[in-house]
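# Summary of the model geometry
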Amino acid sequence: MTDMTAGASAAPKSSLLAQDERTRRRNAAEARFKLYGVIAITLAIVALLFLMVSIMKNGSGAFFQTFVTLEVELLEDKLDKNGNRDPAEMAKVTTFGYSPLIKDAMAKVVADNGIEIDGLKKPEDLISKEAAAQMRNFVLAHPEMVGETRPFEFVASGRIDGYYKGRVTMESAARDSNISPEQLQLADALKAAGALETRFNWSFITWPDASENRPEVSGLGVAIIGSLYMMLVVLALALPIGVAASIYLEEFAPKNRFTDLIEVNISNLAAVPSIVFGILGLAIFINFAGLPQSAPIVGGLVLSLMTLPRIIIPARAAIQAVPPSIREAALGVGASKMQTVFHHVLPLAAPGILTGLIIGLAQALGETAPLLLIGMVAFVREYPAGPPEGLFDPATALPVQVYNWTQRADPAFVERASGAIIVLLVFLMVMNTLAIILRSRFERRW
Amino acid sequence: MNDMRLIQRTVDMHETKIRASGVDVFYGDNHAIKDVSVYIEDKTVTAFIGPSGCGKSTFLRCLNRMNDTIPICRVTGKITLDDEDIYDPKVDPVQLRAKVGMVFQKPNPFPKSIYDNVAYGPRIHGLAGDKSELDEIVEKSLRRAALWGEVKDRLAEPGTGLSGGQQQRLCIARAVATAPEVLLMDEPCSALDPIATAQVEELIDELKQNYSVVIVTHSMQQAARVSQKTAFFHLGNLVEYGETGKIFTNPEDSRTESYITGRIG
């Protein structure tokens, strides 16, 4: 203190070329802060990259599948004993009736290619158990083909597929009761002969789920349709209700204790754990209203309830952010309250509302917990019907499918689950990109 | 035409457009306007002057019921427009605001094209039967706001892209387009530079031939330049109201004199 008073008169003139102590400390603090920021961003990017790489590495295999092409003779005395091609009669032959044909075709291909492997048992196990069903469906659709020999492309079994994706090795096959090293040798021989190949597989996206021991034919078809239906329900309900509620609360509602209470409760609802909404949906929509279980309509209703507060809050913020001068201008030229809101406030708030909406939808798309409680975790093989009725058909959802597959024993499902995550992420990325595009399209400057 | 207008003018000088009697305004517990009675003449520029927070803007906003939008604001007393009580429960403020236009302190054009800014009022009030009529109204309003020459080639460009002075004249054109009978201006030049201010003042002078103009201003020179009548507000009271020339040269109240000479405010 004394220094300062003394220095005031006698202090040497400070130079601009040399930093004084205070400036140095201030600059150092700023540099440190910037460094923290860079570190935080770097950590986030590294974590994201790690996640992406590991999912891609695990999941990309799900989009590739090993197929075996066999010439199968559709023996008439096995498939249509009476020879009158009556579909009803032919339908009586179950998949067990088709299995021997595949077995014969496999034996033939082994013999034709001169493949000799010591101790080879059950070469037909290279083919997925789904093959018989695939053939049966084909024959029932084309009864006239019976008696002919034609090529079929069958999915290879999960273990064979895993062999070409590095999941199964000769050593692990020796310990595995489902596959033997000899069968793997046969697979290699067939690959050399051109009867077996691994290629890109769109069916992963279109097929329905499959049972525990047929991972090779499980797909996301039903889950994608289920998720899509739920998103439609959420969009149809949450968008108009959410936007209308936020407009009313922001522009028309009187400000009193009651509206304050509503406001607090909307914020509270946004923080309620999503599984609670599942219990609510179970109690109201299924037990009370009697809607079917596992149906996208119920899932959509539950997700709408969950999403509503998450749409209302950003929508209200967007409406609040519209400058009051625009409202005054509109009222000043004699616009009614409603005209003011719809002609001026809403267009200006639209980008913010849309961003909130799409983020809400994306959250709903990724939500698993409430869906478990309303039965969407069920094993569904049937595709739901077209939109209006299909909303009431059983379906699953993408995140639930991921959850489901991660619980299954066969390691092939790990790959399927990662593949499903990739699909889910692609959906989310598309939605977020849409949000950004819409935002910039609607953005107006003033 | 000129003769007619001259004759008309002398008659109109005495015709009262707006009459306020015993108006009190409360913001919650705050008594913002205290028992103000004033009459505003047709085809005249009336200026409200006074220090900040004296209630002149609040009173101006009572005249077209803009205060209705503030929930805690309460207005008592009687204000009539052409002898009709504007606070009558039967009056729709929307209809009133079509008759009593307003220009705000900060230029606030809509984030739309220049054309749409001006056309908005006539559109919502159904003043134009078809596109050509609307075009005509837009052109006439922009001409009246002395903006037509500057913007006639870029009517489709956003109104927010104009300069501050142009924006304010656009707002005046927008207010004029609905063919109001009274034009309220709340410090219309406070955000403008002297050149733009001069343009707007010139405009106000022309507007008074058709409208009753009420202007709130902080600039006493402006009040002296543009107005025929001046009202001086202080702490919510209407201190003095009369001919502008008299208020500025020979005020009756000592507070008016102090304000005009710069001792309070």
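Residues numbered from 1 in each chain as written. Chains lettered and ligands numbered in written order. Predicted model: local features only at pLDDT ≥ 70, side-chain atom pairs only at ≥ 80, totals over all residues. Heavy atoms only, no water.

### Here's the deal with the sheet that holds strand S9 (residues 229-234) of chain B
Residues and elements named next belong to chain B. An order of S6-S7-S8-S3-S9-S10 is seen for the 6 strands of this open sheet, with the pairing classed as mixed. The sheet is open, and its two borders are formed by strand S6 (100-103) and strand S10 (237-243), each paired with just one other strand. Looking at each pair of strands side by side, their axes are set apart by 15° on average, direction ignored. Summarising the sheet, strand S3 (residues 45-49) and strand S8 (residues 212-216) pair through 4 bridges and their orientation is parallel. Bridge pairing links Ala-47 to Ile-215 in S8. Along the sheet, helix H7 (residues 164-177) contacts S6 and strand S7 (182-186); its crossing angle with S6, the most-contacted strand, is approximately 170°. (Pairing = 2+ DSSP bridges. Helix = DSSP H or I, 4+ residues; strand = E, 2+ residues; numbered from the N terminus. Axes fitted to C-alpha atoms, helices over the stretch in contact; angles between N-to-C directions. Contact = heavy atoms within 4.5 Å.)

### Examining the packing of helix H4 (residues 114-125) of chain B against helix H5 (residues 131-144) of chain B
Residues and elements named next belong to chain B. Across the interface, H4 lies against H5 with an axial gap of 9 Å and an inter-helix angle of 110°. Taken together, H4 and H5 sit at an angle that is classed as roughly perpendicular. For the pair H4 and H5, the crossing hand works out as right-handed. Packed against H4, whose contacting residues are Ile-114, Tyr-115, Val-118, Ala-119, Pro-122 and Arg-123, the element H5 presents Lys-131, Leu-134, Asp-135, Ile-137, Val-138, Ser-141 and Leu-142 at the interface. The residue inventory of the contact of H4 with H5, partitioned by class, reads 9 nonpolar, 1 polar and 3 charged. (Parallel < 35°, antiparallel > 145°, perpendicular 65-115°, else oblique. Left-handed = near helix turned anticlockwise from the far one by under 90°. Nonpolar A, V, L, I, M, F, W, Y, C, P; charged D, E, K, R; others polar.)

### Brief notes about the interface of chain A and chain B
In this complex, chain A contributes 18 residues to the contact, which on the side of chain B involves 21 residues. Between chain A and chain B lies a buried interface of about 1700 Å² when both sides are counted; carbon and sulfur atoms form 63% of it. Remark: the boundary between chain A and chain B carries 1 salt bridge. In this structure, the salt-bridge partner of Arg61(B) is Glu328(A), at a minimum N-O distance of 2.8 Å. At the junction of chain A and chain B, the tally comes to 5 residue pairs in polar contact (both at pLDDT 80 or more). Residue assignment for the side of chain A that touches chain B shows that the elements contributing at least two residues are helix H15 (324-332) and helix H16 (337-365) of chain A. (Buried area = accessible area lost by both parts, 1.4 Å probe. Salt bridge = Lys/Arg side-chain N within 4 Å of Asp/Glu carboxyl O. Polar contact = N/O pair within 3.5 Å; in protein donor to acceptor, adjacent residues only side chain to side chain.)

### Focus on the pattern of salt bridges
Should the charged atoms of two oppositely charged side chains come close, the side chains can pair. Summed over all chains, the structure comprises 30 salt bridges over all chains. Here Arg167(A) and Glu415(A) are joined by a salt bridge, their closest N and O atoms 2.9 Å apart. Note that Arg167(A) is positioned in the loop between helix H7 (158-164) and helix H8 (170-174) and Glu415(A) in helix H20 (residues 412-442), a separation of 248 residues in sequence. With relative accessibility at 9%, the residue Glu415(A) sits in the buried group. For Lys208(B), the salt bridge is made with Asp205(B), and the minimal N-O distance between the two is 3.0 Å. Counted as one network, the salt bridges with shared partners bring together Asp161(A), Lys165(A), Arg167(A) and Glu415(A). (Buried < 20%, exposed > 50% of the residue type's maximum accessible area, 1.4 Å probe, protein only.)

### Topic: the side chain of Arg310(A)
Residue and element names in this part refer to chain A. Along the chain, Arg-310 falls in helix H14 (residues 296-320). One buried charged residue, Arg-310, forms no salt bridge at all, with the nearest opposite charge on Glu-367 at 4.4 Å. Polar contacts involving the side chain of Arg-310 include one to the side chain of Gln-363, which spans 3.3 Å. When near neighbours in sequence (up to four residues on either side) are disregarded, Arg-310 contacts Ala-270, Val-272, Gly-356, Gln-363 and Glu-367. (Lys, Arg positive; Asp, Glu negative; His and termini not counted.)

### A word on a nonpolar patch on the surface
All names here are of chain A. Taken together, Phe-33, Leu-35, Tyr-36, Ile-39 and Leu-43 make up a surface patch of nonpolar side chains, about 580 Å² in accessible area. Locating Phe-33 in the fold gives a position in helix H2 (residues 21-59). Under the relative-accessibility criterion, Phe-33 is labelled exposed at 63%. (Patch = residues over 30% accessible without salt bridge, like charges linked within 9 Å, V, L, I, M, F, W, Y side chains within 5 Å. Areas by Shrake-Rupley, 256 points an atom, 1.4 Å probe, with all protein chains shown as cover.)

### Looking at the domain arrangement of chain A
All names here are of chain A. Partitioning chain A into structural domains gives domain 1 (60-201) and domain 2 (221-442). When each unit is reduced to the centre of its C-alpha atoms, the spacing between domain 1 and domain 2 is 45 Å. Taken together, the contacts link 10 residues of domain 1 with 9 residues of domain 2. Of the roughly 710 Å² buried at the junction of domain 1 and domain 2 (both faces included), carbon and sulfur atoms supply 50%. In terms of surface lost to domain 2, no three residues of domain 1 exceed Ala-62, Phe-63 and Arg-167, which account for 57% of the buried area on that side. Counting across the interface, domain 1 meets domain 2 through 3 salt bridges. At the junction of domain 1 with domain 2, the criterion picks out 4 residue pairs in polar contact (both at pLDDT 80 or more). Looking at the side of domain 1 that touches domain 2, its residues break down into 2 nonpolar, 3 polar and 5 charged. (Domains from an automatic or database assignment.)

### Points about the environment of Val23(B)
Residue and element names in this part refer to chain B. Within the element layout of this structure, Val-23 appears in strand S1 (residues 16-27). For Val-23, a relative accessible area of 0% corresponds to the buried category. When near neighbours in sequence (up to four residues on either side) are disregarded, Val-23 contacts Ile-33, Lys-34, Asp-35, Val-36, Phe-59, Val-75, Thr-76, Gly-77, Lys-78 and Ile-79.

### Structural notes on the side chain of Thr307(A)
Residues and elements named next belong to chain A. Residue placement: Thr-307 occurs in helix H14. From its side chain, Thr-307 meets the backbone oxygen of Leu-303 in a polar contact 2.4 Å long. Not counting residues within four places of it along the chain, the set of residues in contact with Thr-307 comprises Val-234, Gly-360, Leu-361 and Ala-364.

### With respect to the packing of aromatic side chains
Residues and elements named next belong to chain A. By the definition in use, this model includes 15 aromatic pairs over all chains. On the numbers, 5.4 Å between centres and 85° between planes, the contact of Phe-64 with Phe-200 is edge-to-face. Note that Phe-64 is positioned in strand S1 (residues 64-73) and Phe-200 in strand S3 (residues 196-200), a separation of 136 residues in sequence. Classification of Phe-64 as partly exposed rests on a relative accessible area of 36%. Ring centres of Phe-200 and Trp-202 lie 5.1 Å apart, and the angle between their planes is 80°; this geometry places the pair in the edge-to-face category. Residue Phe-200 is classed as partly exposed on the basis of its relative accessible area, which comes to 36%. A residue is classified by how much of its surface remains accessible, and Trp-202, at 60% relative accessible area, is exposed. (Phe/Tyr/Trp six-rings, centres within 6.5 Å; stacked < 30°, edge-to-face > 60°.)

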